[in-house]
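Structural overview for review
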Amino acid sequence: MANSDDKILLQTINISKTYPGGIRALDKVSFELKEGEIHALLGENGAGKTTLIKILSGILHPDEGKILYNGVEVAFKNPLDAMSLGIGVVHQHPLLIPNFNVYENLKLYATIIRQRLKIEELTNLLKIFKVEKSVLDKKIADLPSSIRQKIEILKVLLFKPKVLFLDEPTSALTPIEVEELFNILKDLKEEKKSIVFVTHKIKEALKISDRITILRRGKKIATLENKGNLQEDVLATLIVGDTTLKAVSEKVEGLPRNASDEHVLVVEDLHARDDLGIYRLKGFNMKLRRGEILAIVGVAGNGQKELVECLTGLRRFDKGNIRYFNSIYTHIVDFCDVVRKYKVSYITDDRIHTGIARDLDFLTNIMLRDICIEGRGIFIDKKYFVKRAKEMIAKYDIKAPHEKILVNQLSGGNIQKLIVARELEVKPSIIIAEQPTQGLDVKTTIFVRSLLLSAKGDTSILLITYDLEEALSLADRIIIMYDGKNVAEHSSKDIDLKRLSLEMLSGVT
Ligand SMILES: Nc1ncnc2c1ncn2[C@@H]1O[C@H](COP(=O)(O)OP(=O)(O)O)[C@@H](O)[C@H]1O
Ligand SMILES: [Mg+2]
């Protein structure tokens, strides 16, 4: 563990940053990173964590304040300046090029940062990350998010940084992979590397860090030594800064669960292949009852992605069928038609690419569903939507100054709230929710979950999640997905966690 007379390697003094839209993302933040420590940067969505990382890695310039490296003031003109001091960053949103294969991406990165790609180093890291060598030839777009995330981290480690920033690196990882990552980080620490681990998850911060700095709405609230004496609820209060947390979490627990026997969505014997022609669905079955929340739980990469793609018309299936209410499909050519006919909502886990139109404003994004799916086009009543947008911002507590703000200026959590708001406000009959709280902070997570729970009843919800806790706290029933099949089913009332974990990890029932 780092002790107090350790050398301070990197330091900020009174750093502030206001974005062009007027949002003050950082307000006189002073932060110290010691040599050989793992320092967690903890805060809810929109707290300013990513902004601080971007400033420390030369992507953004502060409006005021200083950065010191080894006690000497530095001014990063660009990311290369930071890299030349040995600062490596794993960004929150992967920067890999989807149409390139893994090797080409690594090669490209090496070229950009003017380094040589060493094959022995690469082979070694692949082993440490438990990634098959054959993955090097696969296109990024075809890889599950957990492997993509590993490649992202590996890419930065290849060039042996002295300081490593990881911005929410675990959101695409399964619990076991998180453990593995933590072990890798501990080894790096042994090598005297300094690590800033950005997270909104209190448990992760407690587990991995020597010290924790808490940011709230752009301000540094505290830096705490983590010596096993910190309480989760104390940290939660520091992060959120009010009593909202307790109120919302009571709401989640207090809601009734009920469902009927009518089926609104049925999947039978579904077989489908991925883009490489490998079977990812091998006879999957499920029935969603009216008014229930059914969770599909499993380790990432067991066919969940392909299942959602089949359900939303993005992937053809070879065998089996999907039934929405009375319509049986052997392939879904026009998902918009299904959405129109049966009021289906889809909350995607790829919020940046498919959930929204990044470069358009909030208002347009709210209208998107009507413009594209309902086919209203020119008949849109804009005044009505302005009113609706304002209402949504208030009701869903979205941190947007006005409805004209470009969506790419919102934090991830607020973008997710936008998507959830848009998809819930149509009062759908079915919601397909794919990792709806991925990457969200505690408060927003509880909020989104409470929204799903209160929609339940009139709405039936299919929840696809890698987060067991989420499935347990929301679902009436849980189906375990393993190797493209449903291997087990549980009612949430009687769960044997040990058995369930075993089913998830090995398909054993
Ligand atoms: N490019 C941007 N333009 C305008 N505002 C932004 C931009 N990026 C982030 N923000 C705003 O700055 C605040 C801090 O965001 P961010 O640093 O991403 O927080 P965190 O990483 O803690 O979730 C948020 O209110 C966010 O909406
Ligand atoms: Mg962030």
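Small disclaimer: the values here were computed from a predicted structure and weren't measured. (Residues numbered from 1 in each chain as written. Chains lettered and ligands numbered in written order. Predicted model: local features only at pLDDT ≥ 70, side-chain atom pairs only at ≥ 80, totals over all residues.)

A look at the overall build of the protein chain
Operational definition: In DSSP terms, a helix is any run of H or I states spanning at least four residues, a strand is any run of E spanning at least two, and both are numbered starting from the N terminus. We take the radius of gyration over the C-alpha atoms and set the globule estimate at 2.2 Å times the residue count to the 0.38 power. Working definition of burial: number of other C-beta atoms within 10 Å of the residue's own, with buried at 20 or more, exposed at 12 or fewer, and partly exposed in between, all C-beta atoms being placed from the backbone. Any two residues are considered in contact once their C-beta atoms, placed from the backbone, lie within 7 Å.
Summing up its helical and strand segments, the protein chain has 18 helices and 20 strands in all. For the protein chain, whose C-alpha radius of gyration is 23 Å, the value lies close to the compact-globule estimate of 23 Å for 509 residues. Among the 509 residues that make up the protein chain, the fraction classed as buried is 42%. Within the protein chain, contacts between residues at least 6 apart in sequence are counted, and of these 69% link residues at least 24 apart.

Regarding the site of ligand 1
Condition: Nearness is defined per residue: the C-beta atom, placed using the backbone, must lie within 6 Å of the molecule or strand. Polarity classes work like this: nonpolar for Ala, Val, Leu, Ile, Met, Phe, Trp, Tyr, Cys and Pro, charged for Asp, Glu, Lys and Arg, and polar for all others, with Gly in that last group. Where each domain begins and ends follows an automated or database-derived domain assignment.
The immediate surroundings of ligand 1 are formed by 17 residues, with Tyr19, Lys49, Thr50, Thr51 and Gln409 found nearest. The element contributing the most residues to the shell around ligand 1 is helix α1 (residues 49-56), with three residues. Grouping the constituent residues of the shell around ligand 1 by class yields five nonpolar, ten polar and two charged. Two domains share the shell around ligand 1, each providing at least three of its residues, namely domain 1 (8-241) and domain 3 (351-426).

Digging into helix α16 (residues 442-455)
What counts here: One less than the number of residues in a helix, times 1.5 Å, gives the span that helix is expected to have.
For α16, built from 14 residues, the straight-helix expectation of 20 Å at 1.5 Å per residue is met to within 8% by its first-to-last C-alpha distance of 20 Å. With twelve of 14 residues buried, α16 is to be regarded as a mostly interior element. Of the positions making up α16, those classed as buried are Val442, Lys443, Thr444, Thr445, Ile446, Phe447, Val448, Arg449, Ser450, Leu452, Leu453 and Ala455. Trailing α16 by a residue or two, glycine 457 shows a phi angle of about 115 degrees, which is positive.

Considering unusual backbone geometry
Despite not being glycine, lysine 28 has its phi angle at roughly 50 degrees, a positive value. Position of lysine 28 relative to the elements: it lies in strand β2 (residues 24-34). Within the chain, arginine 114 stands out as a residue other than glycine whose phi angle is a positive 55 degrees. Here arginine 114 shows up in the loop between α3 (102-112) and α4 (119-128). Classification of arginine 114 as exposed rests on a count of 9 C-beta atoms within 10 Å.

As for the packing of helix α15 (residues 412-425) against α16
To describe two helices that pack against each other, one gives the angle between their axes and the distance between the axes. Applicable threshold: Inter-axis angles, ranging from 0 to 180 degrees, are taken between N-to-C directions of lines fitted to C-alpha atoms, where helices are fitted over the stretch in contact. An angle counts as roughly parallel when it lies under 35 degrees, as roughly antiparallel when it exceeds 145, as roughly perpendicular when it falls between 65 and 115, and as oblique in every other case.
Between α15 and α16, the least distance of the axes is 11 Å, while the angle of their chain directions is 5 degrees. Classified by the interaxial angle, the pair formed by α15 and α16 is roughly parallel. Contacts from Gly413, Gln416, Lys417, Val420 and Leu424 in α15 reach Thr444, Val448, Leu451 and Ala455 in α16. Considered class by class, the residues forming the contact of α15 with α16 number five nonpolar, three polar and one charged.

Quick word on the pairing of strand β20 (residues 485-491)
The test is simple: Whether two strands pair depends on DSSP finding at least two bridges between them.
Taken together, the six bridges between strand β19 (residues 477-482) and β20 define a ladder with antiparallel strand orientation. Bridge pairing in β20 links methionine 481 to asparagine 486. Hairpin connection of β19 to β20: two residues between the antiparallel strands, including aspartate 483 at a positive phi of 50 degrees.

Structural notes on the sheet that holds β19
Taken in spatial order, the six strands of this open sheet run β16-β17-β18-β13-β19-β20, and their pairing is mixed. Each end of this open sheet is capped by a strand with a single partner; those strands are β16 (344-347) and β20. Taken over all neighbouring pairs, the strand axes of this sheet differ in orientation by 15 degrees on average, direction set aside. Bridge analysis of strand β13 (residues 293-297) against β19 gives four bridges, and the strand direction is parallel. What sits directly across from alanine 295, in β19, is isoleucine 478. Strand contacts of α15: β16 and β17 (430-434), with the helix running at about 170 degrees to β16, the strand carrying the most contacts.

Overview of the environment of glutamate 73
Mapped onto the elements, glutamate 73 comes out in strand β5 (residues 72-74). Excluding residues within four positions of it along the chain, glutamate 73 makes contact with Lys66, Ile67 and Leu68.

Quick notes on the environment of glutamate 309
With respect to the helices and strands, glutamate 309 occurs in helix α10 (residues 304-311). When the C-alpha positions of glutamate 309 and alanine 272 are compared, they lie 9.9 Å apart, and in sequence the two are 37 residues distant. Discounting chain neighbours no more than four positions away, the residues touching glutamate 309 are Leu314 and Arg315.

Looking at the nonpolar core
Quick note on the threshold: The term nonpolar core means buried Ala, Val, Leu, Ile, Met, Phe, Trp, Tyr and Cys residues held together as one set by C-beta atoms within 7 Å.
Leu294, Ala295, Ile432, Leu462 and Leu463 are the most contacted members of the largest nonpolar core, which has 127 residues in total. With seven residues, the top contributor of residues to this core is α16. Filtering out sequence-adjacent residues up to four positions away, alanine 295 remains in contact with Leu463, Thr465, Ala471, Leu474, Ala475 and Ile478.

As for the pairing of strand β18 (residues 460-465)
With six of six residues buried, β18 lies mostly within the body of the structure. What you see with β18 is no split at all: Ser460, Leu462 and Ile464 on one side and Ile461, Leu463 and Thr465 on the other are buried throughout. With five bridges joining them, β13 and β18 adopt parallel strand pairing. Looking at β18, one finds that valine 297 is bridged to threonine 465. The pairing of β17 with β18 spans five bridges and is parallel. Directly across from isoleucine 430, in β18, lies its bridge partner serine 460.

Observations regarding the sheet that holds strand β9 (residues 211-216)
Pairing is mixed in the open sheet, where six strands are placed in the order β6-β7-β8-β3-β9-β10. Strands at the two margins of the open sheet, each flanked by one partner only, are β6 (87-90) and β10 (219-225). Each strand of the sheet is rotated relative to its neighbour by a mean of 15 degrees, with strand direction disregarded. Sheet topology places strand β7 (residues 163-167) next to strand β8 (residues 194-199); five bridges connect them, and they run parallel.

Remarks on the domain arrangement of the protein chain
Quite often, the size of an interface is put as the accessible area lost when its parts meet. For the protein chain, the domain assignment lists domain 1 (8-241), domain 2 (251-343 + 430-436 + 455-509) and domain 3 (351-426). Here domain 1 and domain 3 have C-alpha centroids that lie 30 Å from each other. Contacts between the two partners involve six residues from domain 1, matched on the other side by nine residues from domain 3. When its residues are assigned to classes, the side of domain 1 that touches domain 3 shows one nonpolar, five polar and no charged.

Some thoughts on α10
Taking burial as the measure, the eight residues of α10 include seven buried ones, the bulk of the element. Along α10, the residues classified as buried are Gln304, Lys305, Glu306, Leu307, Val308, Cys310 and Leu311. Backbone geometry just downstream of α10 places glycine 313 in the positive-phi region, at approximately 75 degrees.

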